[in-house]
Amino acid sequence: MCGRFSITKEEEELEKRFAARFYSEVLEKRYNIAPSQESAVITNKEPNSIQLFRWGLVPFWAKDVKIGYKMINARSETIAEKPAFKYAFEKRRCLVIADGFYEWQKKGKIKIPHRIMIGDSELVAFAGLWENWKDEKGDWLQSFTIITTDAVPRIHHLHDRMPVILRREDEKKWIEEELDAEEAKNILQRPQTDLNFYPVSPLVNSPANDVAEILERVEPPGEPGELF
DNA sequence: CCAGACGTTGTT
DNA sequence: GTCTGG
DNA sequence: CCAGACGTTGTT
DNA sequence: GTCTGG
């Protein structure tokens, strides 16, 4: 799955990489982006701007914003049928900008966090969906979810799910208005798979630790000299 | 028909 | 809003 | 995802 | 154990 990720590049780099602009919004470097926080997306409605939406999709029919806590990921296999994602899959797709994400490998009782990325933390786009939601006061909230798929063999020992990292040539297509469901599914079935990873400090566990230090490689606990 | 859910992950 | 369960 | 709270009454 | 907040 994907429950934490990063964007450790400057705004200008994002703008160049995705040929889109930040308008009113400002994004600081982020090492530890957690659900319910805002992060950078590019939507099918505004493919030339980079906007900040809340992570955790709140369906337009929701009565409570809290439902978003449960909607941080959407399974690519069932996305077209699930009531919470069906509409967004047809009408509201987006690119979720990232340059790495974190997975926790369970080993017995302990959980070892790892950083996973393409190349040396290249900027990439996760396949995402977004929604508009109006609260009881009439204020609008825009939110997104990250689509997941089976983990590639290379990282399967860490976790059996991972975000769909779009092939670069699929990014534009994913947010085209005319894209039909069949082709959208095809895109989800051919993600980037050349992932690199390394263990990082448990500092990443707490979202309060949004610091560059968590990018550093550490020796995983229990190694070397592992006896069991 | 109405009521209630609407999600993912992993249970080492 | 739409689907599932009762 | 992980961390941290998880309750009520009544109000110094 | 389960929910909320970050």
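Scroll up a little and you will see the structure.
Fair warning: this is a prediction, and the values are worked out from it, not measured in the lab.

## Observations concerning the protein's contact with DNA strand D
Close to DNA strand D lie M1, G3, R4, P35, I72, W104, K111 and N205. Note that a phosphate oxygen of DNA strand D is positioned 3.2 Å from one of the side-chain N or O atoms of K111. Within the backbone of N205, a nitrogen or oxygen atom sits 3.4 Å from a sugar or linking oxygen of DNA strand D. In terms of residue class, the surface near DNA strand D is made up of four nonpolar, two polar and two charged.

## So, the protein's contact with DNA strand E
Neighbouring DNA strand E are the residues R4, A34, P35, S36, Q37, K66, Y69 and P207. Backbone atoms, meaning sugar and phosphate, form 30% of the atoms of DNA strand E found within 4 Å of the protein. Within the backbone of P35, an N or O atom sits 3.1 Å from a base nitrogen of DNA strand E. A distance of 2.6 Å separates a base nitrogen of DNA strand E from a polar atom in the side chain of S36.

## A short note on the environment of R167
As for its placement among the helices and strands, R167 is situated in the loop between β12 (161-163) and α3 (168-174). Classification of R167 by relative accessible area gives partly exposed; the value is 33%. Sequence separation of R167 and A127 is 40 residues, and the distance between their C-alpha atoms is 9.8 Å. Here R167 is in contact with R190, P191 and Q192, once residues within four sequence places are set aside.

What counts and what doesn't
- Residues numbered from 1 in each chain as written.
- Chains lettered and ligands numbered in written order.
- Predicted model: local features only at pLDDT ≥ 70, side-chain atom pairs only at ≥ 80, totals over all residues.
- Heavy atoms only, no water.
- Near = heavy atom within 4 Å.
- Polar contact = N/O pair within 3.5 Å; in protein donor to acceptor, adjacent residues only side chain to side chain.
- Nonpolar A, V, L, I, M, F, W, Y, C, P; charged D, E, K, R; others polar.
- Helix = DSSP H or I, 4+ residues; strand = E, 2+ residues; numbered from the N terminus.
- Buried < 20%, exposed > 50% of the residue type's maximum accessible area, 1.4 Å probe, protein only.
- Contact = heavy atoms within 4.5 Å.

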